[in-house]
Amino acid sequence: MRASVLSLFAAMVLAWPTPLFGQTTTGTVRGYVRDANGVPLGGAQVQARNVETGLERIATTRGDGAYALPGLPPGAYELAVRHIGSIPQRRQVVVPIGATLLVHFELQAGAVELEAVTVAAGAPIVELRTSEVATNITQQQINDLPTANRNIFDLAGLAPGVITQNDRINSTRRTFVAGVACPQCTDLVNVFIDGVTYKNDLLRGGGVGQDRSRGNMFLRNAVQEFRVLTQNYKAEYQKASSGLLTATTKSGTNVFRGTAFVNYQDDGLVALDSFQVRDKSASPATFREPDYTRYQLGLSAGGPIIQDRLHYFVAYEGNYQDRTSRVGINVPPPGTYPAVDTVNLAQYNGNFPSPFRETLVFGKLTYAATPRSSMELGVDIRRNSDIRDFGALFGRADHARQIAARLRVGVTTVRAKHTYASGPLLNETTVSFQDYRDRSDPDAPGTITRFFCCNFTAWVGSNVTVQRFTQRRLALRNDLTYSGLRKAGEHIIKTGVNLDVLHYDILKRNSENPLFVFTDADSFRIPEKLEFQYGDPNYGDRNLQLGVYVQDDWTPTPRLTLNLGIRWDYESNMINTDYRTPQDVVDTLTAYQSQLFVPLDRNRYFTDGDDRSPFLGAFQPRLGFSYQVDDEGRTTIFGGWGIFYDRSVYDVMQQEKEALQHPFYRIFFRRFPADTADPSKTPWDPAYMSMTPEEILAAVGPQAAAREVKLLPNDLEPPKANHFSLGVRQVLGKWVVRAAYTGMRSSNVFTFYWANIDFPCGNGSCFTFRSIPGFTSVLFGTNAGKTWYDALQVQIDRPYRQSAEGSGWGGGLAYTLAKRQTEGFFDDFSFPNGKFYPKQVRGDERSRLVANWIVDLPYLYGVQFSGLLTLGSGQKFDVGDRFNDGTLGDRTLSELGGFTPDRYNFIIPNAWAFRTVDLGLRKQFPQLGGTALAVRVDLFNAFNYQNLGCYDTFDRGSPNFGKANCVVSDPRRLQIGAEYNF
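Caption draft 1: The arrangement of a nonpolar patch on the surface in detail. Taken together, the side chains of I305, I306, V361, L365, L377, V379, I381, V414, V431, F433, L474 and V501 make up a nonpolar region of the molecular surface, amounting to roughly 900 Å² of accessible area. Those elements that place two or more of their residues in the nonpolar patch are β17 (292–306), β20 (356–370), β21 (373–388) and β23 (425–442). Broken down by element, the residue count for the nonpolar patch peaks at 3 residues, all from β21. On the secondary structure map, L377 appears in strand β21.

Structural data, given as structure tokens:
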């Protein structure tokens, strides 16, 4: 059955029409050409010419005067219109990524050469007639706003409803969420660069390499602009159920240009946070601020190889960080524990280096082969290495330097694109290959690992884990745009197909280095237990992803545009389609199903390799509209609705394999006389500390062989979301204001429920465990989780524009008033069933405001002042962690619990729990011989606000309840830099 389905899909792909274009990384200009009396002028020629590359596109108006120029690479264009008997006109516009601009022409009768006539645009032409809720981040903002890490995610927060996470010097994960907020919600986004998806199928974070790396996904100095879409994105986008980011890269132009930059920061330019100040005050003689330096380097250049035909662009960015991490084990006085004295824990204390290195390289060739066709070839390479997971830098000062891990992330993406335009047809083919690797190894392998607890804590020995994640994606994208249909109005028809062939290879030797746990119960003489995993650590699959869509952007009247589309996606192997439930698991759980607190549906959770079919129901209709209210087009009403399917993370889905083929073992030792008769405990033998896991298992025998069982449902469906919105856009002079209600309803959120553990007290104060012979925990997977998101989003923008004197300014504000709720899950591992997780407010921040500005100061020649302000009302935390501190009764968990951090003043009294103000000054020196030097100073968190986190919210009776234990943003820090343009 499955083979026949794949054969059918392959035939569909081979039979697909001439490969054509979609709009993931391009823009459209459309409008009407009329005479001075408003009469449509059919047969007029509209030419768009890119002023930097010479790329030309031509359209001819139809009988009603309408024209369309889809598929324009973002950039500045000169539009020229000719019609027999009319005076030609010329106008310049800037086409943003993913946007549709309306540009109308009114021609006067006469015959004057085009070169003699220029029509200057009044107010800037901006996108108004779209049903999407989207924010374009311009080249000016990318270059000039103060951002600390040069990650393209840094500016995603300029879009309402988007929150950038972990933007800190020491962050080891950089992600963003759109709308909903939950532990899994970072997975529900997608990133497209030059039309190629960077979706991470294996690990968390949405994009490749974002799960656990402090590195950047892509070079910022190679990004021309990007667009953040949070609602009603059209049918050409796939695998994103909450939001997506689509970026276009720079191309060479007819003029050679280059830029080099360097940014510098060190510990002397970084203030202490409130916890470091506390530690310094408590121990001024021993306190030492961690060493830290960071260099960010970059070089880019582009220009012509053949004027107006062949151009190149290359770029490099390097991120070199050196820091130290303090290991501060609280060693007990000599003689307190003689067994500990023999380990000499004091030798592990001190400050140790934790370097990070990243190299990013990009290259691109663009070739205008003929006036109708063009080609593009691009490659980007990412390599980073990080020594981490030890010492106070990562929150655990008791982790010795020995236990450090070395994380290496590498991504190589190659893409080739061919575009052909002929009249109303625009054809594009994109072929890409991506190789993504995530590897973690012990930095100092070969030493047994020991953990000491609990009057003091210490971890010494090698890191216990080796991991290799590899994802290889070969993708073909074929799209069609046809703008020649006129039936009950004007139509732009788009249709296309994407076919991705993926290979997943995983090596997860988790916890294969045995961990010996010592406690003070017996003065650390004999380990309490030994923990490790052992078995087959290899996992891998092949997967085919297919997407087909059709979309009609229909303009039945000049004021009304309807976006009507539908998409269908398919995956051949998202949930281990060929998996067979081991027979001993089937037999044991069947015999002992009365011991389970969650009912066992044998047809749903047992499979013989032929019970799981690929999901065929991912049909996703997407509808939108925009209506121009007034004749001038200054007021537009817009809205839409759509269904969006995502995918489940493979590393979570393969846990049903990992739990059985690479099981976790825990061996308890006899430490006291009363343990002698306990059959669950094993006599201690010091020889275990020199044995391999295989030798330990042979010595201990079958009592250590209990395994964990995790079962996926055979009918598991991918995450799904319904989006809907209604809003208005208004042009006020040079400002554009947008206000919209946006809603999202997500379902099929995955979690595991413990099936043989129950919590009858309801608040976690007691639990019942039922033993299943041969196994430890039994977990059933479910996709019963749901989320709700409702928001009022307001956005005010004044695009940056320069005056004739060369100075200019621009700014914007994005405000979100939102409510987020979840039901049926906590994270990947929720306790027994949905009754513990009724519909409740979770992960909710009601108010968030982000403002940005760029101002050329007219009285300080060459000085530019920029800023980025972020304010948040604070996220509401659960009280009692997974359990609340009282019985439910008639009240929801959110009514019983919920903790909101203290709020502070910023313009509005007591309104904000999160506050940062980032400021930048840039001085441009006069040009010399066509080159220019600029220096820059950025001050991040200028007012040194202490944004607190890690709140103790587990027990209301605790004296530490409601107290913070960390900061979630860095204190004030200064960065200096220089830029050289040539």
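Caption draft 2: Structural context of helix α9 (residues 693–700). Buried residues of α9: P693, I696, L697 and V700, and no others. What you see down the axis of α9 is that its buried residues fit within an arc of 100°, all on one side. In this structure, α9 carries E694 and A698 as exposed residues pointing more than 90 degrees from its buried face. One or two residues past the end of α9 sits G701, with phi positive at roughly 95°.

Caption draft 3: The packing of aromatic side chains, seen in detail. Scanning the entire structure with this criterion turns up 38 aromatic pairs. Taking 6.1 Å as the distance between ring centres and 35° as the angle between the ring planes, the aromatic pair formed by F724 and Y741 counts as tilted. Residue F724 is found in strand β37 (residues 720–732), and its partner Y741 is found in strand β38 (residues 735–754); the two are separated by 17 residues along the sequence. For Y741, a relative accessible area of 34% gives the class partly exposed. On the numbers, 6.4 Å between centres and 50° between planes, the contact of F836 with Y837 is tilted. An aromatic cluster of three or more residues is present, and its members are F750, F752, W754, F759, F767, F829, F831, F836 and Y837. For the cation-ring pair, K710 lies above F752, with the distance from its terminal atom to the ring centre recorded as 5.9 Å. We note R729 situated over the ring of F638; from NZ or CZ to the ring centre the distance is 3.8 Å.

Caption draft 4: Expanded view of unusual backbone geometry. Not every positive phi belongs to a glycine, and D194 is a case in point at roughly 50°. Topologically, D194 is positioned in the loop between β12 (189–193) and β13 (196–197). In this structure D194 comes out as buried when scored by relative accessible area, which is 3%. One non-glycine residue, N576, lies in the positive phi region at around 55°. Tracing the sequence through the fold places N576 in the loop between β31 (560–571) and α5 (583–591). The exposure class assigned to N576 is buried, which follows from its relative accessible area of 2%.

Caption draft 5: Fine view of the pattern of salt bridges. The full count for this structure, using the stated rule, is 64 salt bridges. The closest approach of N and O atoms between E317 and R150, which form a salt bridge, is 3.0 Å. Of the two residues, E317 is situated in strand β18 (residues 310–327) and R150 in the loop between α2 (139–144) and β10 (162–165); the sequence distance between them amounts to 167 residues. In this pair, the class of E317 matches that of R150, namely buried. Among the ionic pairs, D790 bridges to R745, the shortest N-O distance being 3.0 Å. Here R745 lies in strand β38 and D790 lies in strand β41 (residues 775–802), a separation of 45 residues in the sequence. Exposure remark for D790: the relative accessible area of 21% places this residue in the partly exposed category. Because the salt bridges share partners, they merge into one network encompassing D201, K239, R473, D500, E571 and R647.

Caption draft 6: Inspection of the pairing of β18 at higher detail. Both β17 and β18 contribute to a ladder of 14 bridges, which runs antiparallel. Within β18, the position partnered with I306 by the bridge is L310. The sheet contact formed by β18 and β20 spans 12 bridges and is antiparallel. Pairing of F313 across the sheet is with K364, part of β20. For β18 and strand β19 (residues 350–353), the ladder comprises 4 bridges, and the chain directions are antiparallel. Looking across to β19, one finds that T324 is bridged to P353.

Procedures and definitions
- Residues numbered from 1 in each chain as written.
- Predicted model: local features only at pLDDT ≥ 70, side-chain atom pairs only at ≥ 80, totals over all residues.
- Heavy atoms only, no water.
- Patch = residues over 30% accessible without salt bridge, like charges linked within 9 Å, V, L, I, M, F, W, Y side chains within 5 Å.
- Areas by Shrake-Rupley, 256 points an atom, 1.4 Å probe, with all protein chains shown as cover.
- Salt bridge = Lys/Arg side-chain N within 4 Å of Asp/Glu carboxyl O.
- Helix = DSSP H or I, 4+ residues; strand = E, 2+ residues; numbered from the N terminus.
- Buried < 20%, exposed > 50% of the residue type's maximum accessible area, 1.4 Å probe, protein only.
- Arc of directions from axis to C-beta.
- Phe/Tyr/Trp six-rings, centres within 6.5 Å; stacked < 30°, edge-to-face > 60°.
- Lys NZ or Arg CZ within 6 Å of the ring centre and 35° of its normal.
- Pairing = 2+ DSSP bridges.

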